[in-house]
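# Close look at the chain arrangement
Residue strings, one per chain:
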Amino acid sequence: MKIAILRTGETNPAMPNNFPDYPSLFINMFANDPRTKSHSFTTVSVVDGEMPLSFDAYDAYIITGSKHGVYDDLPWIAPLMAFIRVVHDSDIPLVGVCFGHQIIAHALGGYAAKSDRGWGLGVRSIELHDHPDWMPADDSIRLIHIHQDQVETLPPGARLIGNNCFCPNAMFVIGDNVLCVQGHPEFTIAYIDKLMQVRAHLFDTELHEAAKATLKYGHDGNRFASWILSFLDAHENRRVAI
């Protein structure tokens, strides 16, 4: 399967050079799963004005996180939303993470905005329910978060499969070709720890310290990575069976 990682953000320039960029974080996350051997990954730097040559140039798309919001007046936002609609209508799998989660929801008729709940920061537990067939019937998953924006309204046809009191629309699917999550399964504990240090001026001390305390318990990014691959496999199996 040919997978395009649509890069919609850049690693904070204050981060040390030994930390990878967003696409590499995803590729590293998938590396531990043997199924990855049957997939190839290509980065398309949407944030720099690049777009895939056609909607069907790849078998699936992953949209990364970003410091930007879906409401920002940037030249690549509207073309990306139009591309998302075409890909979805063409039954090609879409995976959205953080900003990717928000812009997919927004493009398909939902609504994302800066939340009045403030910063979601650190490792947070998401309660799981209404599990798709490809997803284990786990009760919860712990994922890294760093965001102010949230999906406030789900798009038509969306099925909520994960939430918590801070983020009511934390994880959703649409049919079998859209999977979106607010958290960052691709981040590592070392990465988010350093990123919170770099951006500490944005958080009050109490919030930062509380978020830092959650890191000692680890997170379930690798487990979510396996779910992404199961989601892609399920779509491919259904497509082949038709």
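Our subject is the structure that appears above.
Below is a short write-up of the structure. (Residues numbered from 1 in each chain as written. Predicted model: local features only at pLDDT ≥ 70, side-chain atom pairs only at ≥ 80, totals over all residues. Heavy atoms only, no water.)

### Some thoughts on the environment of Phe 231
Rule in force here: Numbering of helices and strands runs from the N terminus, with a helix taken as a DSSP run of H or I at least four residues long and a strand as a DSSP run of E at least two residues long. Exposure categories follow from relative accessible area, calculated using a 1.4 Å probe and restricted to protein chains: below 20% of the type maximum is buried, above 50% is exposed, and the middle band is partly exposed. Contacts between residues were defined by any pair of non-hydrogen atoms, one from each residue, lying within 4.5 Å.
Along the polypeptide, Phe 231 turns up in helix α6 (residues 221-241). Accessibility expressed as a relative area gives 1% for Phe 231, which makes it buried. For the pair formed by Phe 231 and Gln 197, sequence separation is 34 residues and the distance between their alpha carbons is 34 Å. In this view, Phe 231 contacts Pro 93, Leu 94, Val 95, Trp 134, Asp 176, Asn 177, Val 178 and Leu 179; residues no more than four positions away in its chain are not counted.

### Re the packing of aromatic side chains
The relative placement of two aromatic rings is captured by the distance of their centres and the angle of their planes. For clarity, the threshold we go by: Only the six-membered ring of Trp is used, alongside the rings of Phe and Tyr, when aromatic pairs are assigned; centres must lie within 6.5 Å, and planes under 30 degrees apart are stacked while those over 60 apart are edge-to-face, with the rest tilted.
Here the structure, examined in full by the defined rule, presents 10 aromatic pairs. Seen in terms of ring centroids, Tyr 22 and Phe 187 are 6.5 Å apart; in terms of plane orientation they differ by 40 degrees. Their pairing is tilted. Here Phe 187 lies in the loop between β11 (178-181) and α4 (189-198) and Tyr 22 lies in helix α1 (residues 22-30), a separation of 165 residues in the sequence. For Phe 187, a relative accessible area of 2% corresponds to the buried category. Ring centres 5.5 Å apart and planes at 10 degrees place the aromatic pair Phe 30 and Phe 41 in the stacked group. Residue Phe 30 is located in helix α1, and its partner Phe 41 is located in strand β2 (residues 40-44); the two are separated by 11 residues in the primary sequence. An aromatic cluster is present here, built from Phe 19, Tyr 22, Phe 187 and Tyr 191 joined pairwise through their rings.

### Here's the deal with the pairing of β2
Along a regular strand, successive side chains alternate from one face of the sheet to the other. For clarity, the threshold we go by: Here a strand pair is declared whenever DSSP counts at least two bridges between the two strands.
Note: strand β1 (residues 2-6) against β2, 5 bridges, orientation parallel. Paired with Ile 5 across the two strands is Thr 43, which belongs to β2.

### As for helix α2 (residues 77-89)
As a reminder of what qualifies: Take the residue count of a helix, subtract one, and multiply by 1.5 Å to get its expected span. Note that the arc is defined by the directions from the helix axis to the C-beta atoms.
For α2, which comprises 13 residues, the first-to-last C-alpha distance of 19 Å matches the rise-based estimate of 18 Å (1.5 Å per residue) to within 8%. Burial in α2 covers these residues: Ile 77, Leu 80, Met 81, Phe 83, Ile 84 and Val 87. Mapping the buried residues of α2 onto a view down its axis gives an arc of 160 degrees, with all of them on the same face. Positioned one or two residues after α2, Asp 91 has a phi angle of 60 degrees, which is positive.

### Brief notes about the state of the cysteines
For clarity, the cut-off: Cysteine sulfurs are considered disulfide-paired once they come within 2.5 Å of each other.
Scanning the entire structure with this criterion turns up 0 disulfides. With no disulfide partner, Cys 98 has as its closest neighbouring cysteine sulfur the one in Cys 167, 9.2 Å distant. The class of Cys 98 is buried, set by a relative accessible area of 5%. Free cysteine Cys 165: the closest other cysteine sulfur is in Cys 167, separated by 10 Å. Judged by relative accessible area, which is 78%, Cys 165 ranks as exposed.

### Some remarks on the pattern of salt bridges
For clarity, the cut-off: The working definition used for a salt bridge is a side-chain nitrogen of Lys or Arg within 4 Å of a carboxyl oxygen of Asp or Glu.
In total, this model carries 10 salt bridges according to the counting rule given. Of the charged contacts in the structure, one is a salt bridge between Arg 35 and Asp 33, with a shortest N-O distance of 2.9 Å. We note a salt bridge from Asp 220 to Arg 223, for which the minimum N-O separation is 2.9 Å. Residue Arg 223 is classed as partly exposed on the basis of its relative accessible area of 28%. A network of salt bridges, in which partner residues are shared, links Asp 33, Arg 35 and Asp 233.

These figures capture arrangement, not role.
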